[in-house]
Amino acid sequence: VLRIMMIIDCEKMLKIELVIGYLHRGIEKICENLNYTQIVPYMDRLDYVASMMNEFPYVLAVEKLMNIQVPERAQIIRVIVTELNRIASHIMWFTTWLMDLGATTPFFYGFNDREQILEIFEDLSRARMMFSYMCIGGVKKDINADIAKKINKFTDEMPARIAEYHDLITGNEIFLGRTKGIGILTKKDAINFGVTGPMLRASGVHYDVRRDEPYSMYEKFKFNVPVYSEGDNFARYMVRMEEMEESVKIVEQGLNLITSTTEGEIIARVPRMITPPKGSVYAKTEHAKGEMGIFIVSDGKPKPYRFKIRSPAFSNLCALPRMCENNYVADVVAIGGSIDPVMGCVDR
């Protein structure tokens, strides 16, 4: 789904060019021919390992356009499922990335933990991949006592599991040789390429949408934003590993907030047919890959006049040629994998 053309000198890459579009499905144009409720399932199909996080900016955009006040309980539940999905996405990333580098064992460790998250999502949405869980005005199902128990079990066990990941991977000399000082992206280049998320923070930029432009009550949660200055493969790895630890803390806080009271609506009163007023809106969230944004232009009809997705995977991938310059051909797998690109979100 991605073609890379290289100009090389022996084994050293002098210049590379990316060719994308092999997975293009025209989702933006499809969405302009659907009503607002029908669009949610298509968001799941962008970054298909982080579907909950794809739905989030879309529902925020429509709610902002229609001035819908989402109940607090629904906002907190959205944060909980989003952070669980962030952990699941990062697990998928590092296990498959390490398989590309030749390490198969971490895959079995990580997927065992990811399975617990998918079981929670299955209880909430009856799906394991394409959830369609968030809806305009709130969420489709509440977190009941049984689901809360599963989430508690996961958050209790996960810190020790992350410590196991570090024991297994972080000090490995082969892993360090493939990541330390490889694929460096400077702070200046990261900003110029529009890179966001873990990649941006690994290059020394202190920016996280959840903290700097909070949404859905994130301002009530206490968490750290991991930042490294080296800008290499290893820094990108460490940022994501530490983000999983912070996500566990956020989930615990969110669960405490909703279990302290059993009452509260999970969806606002919204019309059966969503028809926003004329106008435009842009909403963004901190996706596992970076800043994901949805831009909608409404002409007052049941279908959007213009629909545009700001994909973090696309912007991050644009930096790959700069990161690969003067590195060896064998490093392409390590560098490209450290970006965590999902081509379904790149091509849309």
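For clarity, every value in this text was computed on a predicted model and none was experimentally measured.

Asks: Quick question: what am I supposed to make of the overall build of the protein chain here?
Replies: Along its length, the protein chain carries 15 helices and seven strands. The globule rule puts the C-alpha radius of gyration for 348 residues at 20 Å, and the 20 Å found for the protein chain is close to it. Overall, the C-alpha framework of the protein chain stretches about 65 × 45 × 30 Å when taken along its three principal axes. Buried residues in the protein chain amount to 56% of all 348 residues. Taking as baseline every contact in the protein chain between residues at least 6 positions apart, the subset at least 24 positions apart corresponds to 73%. Roughly 14,800 Å² of accessible area belongs to the protein chain as shown, and the carbon and sulfur atoms make up 53% of that amount.

Asks: Would you mind going over helix α5 (residues 105–125) with me for this structure?
Replies: Along an α-helix, residues three or four apart share an orientation, since each turn contains 3.6 residues. Compared with an ideal rise of 1.5 Å per residue, which puts 21 residues at 30 Å, α5 spans 31 Å between its outermost C-alpha atoms and is within 8% of the ideal. When α5 is considered as a whole, its buried residues turn out to be P106, G110, D113, R114, Q116, I117, L118, I120, F121, D123, L124 and S125. Elements that come into contact with the buried residues of α5 comprise α3 (51–66), α4 (72–100) and α6 (145–170). Downstream of α5 by a residue or two, R126 has a phi angle that is positive, lying close to 65°.

Asks: Quick question: what am I supposed to make of the nonpolar core here?
Replies: In globular proteins that are soluble, nonpolar side chains generally tend to be buried together. Judged by nonpolar contacts, the single largest core of 102 residues is most densely connected at M43, Y58, I143 and I296. When residues in this core are grouped by element, the largest group, 13 residues, is from α4. If near-sequence neighbours (up to four positions away) are discounted, Y58 is found in contact with Y36, I39, V40, M43, I136, I294, I296 and F307.

Asks: Teacher, can you tell me more about the pairing of strand β6 (residues 291–298) here?
Replies: Within β6, six of the eight residues are buried, leaving the element largely enclosed by the surrounding structure. By the bridge criterion, eight bridges tie strand β5 (residues 279–286) to β6 in an arrangement that is antiparallel. Opposite K284, over in β6, you have G293 as the bridge partner. Hairpin connection between β5 and β6: a loop of four residues separates the two successive antiparallel strands, and G290 in this loop has a positive phi of roughly 145°.

Asks: Just checking my understanding: could you explain the sheet that holds strand β7 (residues 306–310) for this structure?
Replies: Sheet strands line up and pair through hydrogen bonds in the backbone, either parallel or antiparallel. Taken in spatial order, the three strands make up an open sheet running β5-β6-β7, and their pairing is antiparallel. For this open sheet the edge positions go to β5 and β7, each flanked by a neighbour on one side alone. Each adjacent strand pair in this sheet contributes to an overall mean axis angle of 10°, direction not counted. Each of β5, β6 and β7 touches α3; the most contacted strand, β5, lies at about 145° to it.

Asks: What should I look at first to understand the pairing of strand β2 (residues 12–19) in this one?
Replies: On a regular strand, one side chain projects to one face of the sheet and the next to the other, so that they alternate. Here strand β1 (residues 3–9) runs beside β2; their pairing, made up of seven bridges, is antiparallel. By the bridge assignment for β2, I8 is matched with M13. Taking the residues that link successive antiparallel strands as the turn, the β1-β2 hairpin has two residues, and the phi of C10 there is positive, at about 60°.

Asks: Just to check I follow, could you spell out unusual backbone geometry for this structure?
Replies: A negative phi angle is the norm for most residues apart from glycine, just as the trans form is the norm for most peptide bonds. Positive phi, close to 60°, is recorded for C10, a residue that is not glycine. For N326, which is not a glycine, the phi torsion comes out positive at approximately 65°. Within the fold, N326 resides in the loop between α13 (320–324) and α14 (331–339).

Asks: I tried to follow the pattern of salt bridges on my own but got confused; where do I start?
Replies: Two side chains with opposite charge may pair up if their charged atoms get near one another. Evaluation of the coordinates by the stated rule reveals 25 salt bridges. When the shortest N-O distance is used, the salt bridge between R86 and E83 registers 3.0 Å. Of this pair, R86 and E83 are both found in helix α4, three residues apart, which corresponds to roughly one turn of the helix. With a relative accessible area of 0%, E83 lands in the buried category. K289 is the partner of D340 in a salt bridge, and the nearest nitrogen-oxygen pair spans 3.6 Å. Highlighted residues: D340 in the loop between α14 and α15 (343–347) and K289 in the loop between β5 and β6, separated in sequence by 51 residues. A residue is classified by how much of its surface remains accessible, and D340, at 7% relative accessible area, is buried.

Reading the values: rules and limits
- Residues numbered from 1 in each chain as written.
- Predicted model: local features only at pLDDT ≥ 70, side-chain atom pairs only at ≥ 80, totals over all residues.
- Heavy atoms only, no water.
- Helix = DSSP H or I, 4+ residues; strand = E, 2+ residues; numbered from the N terminus.
- Rg over C-alpha atoms; globule rule 2.2 N^0.38 Å.
- Buried < 20%, exposed > 50% of the residue type's maximum accessible area, 1.4 Å probe, protein only.
- Contact = heavy atoms within 4.5 Å.
- Areas by Shrake-Rupley, 256 points an atom, 1.4 Å probe, with all protein chains shown as cover.
- Expected span 1.5 Å × (residues − 1).
- Core = buried A, V, L, I, M, F, W, Y, C linked by side-chain atoms within 4.5 Å.
- Pairing = 2+ DSSP bridges.
- Axes fitted to C-alpha atoms, helices over the stretch in contact; angles between N-to-C directions.
- Salt bridge = Lys/Arg side-chain N within 4 Å of Asp/Glu carboxyl O.

From the geometry alone we can't say anything about function, so treat these as descriptive.
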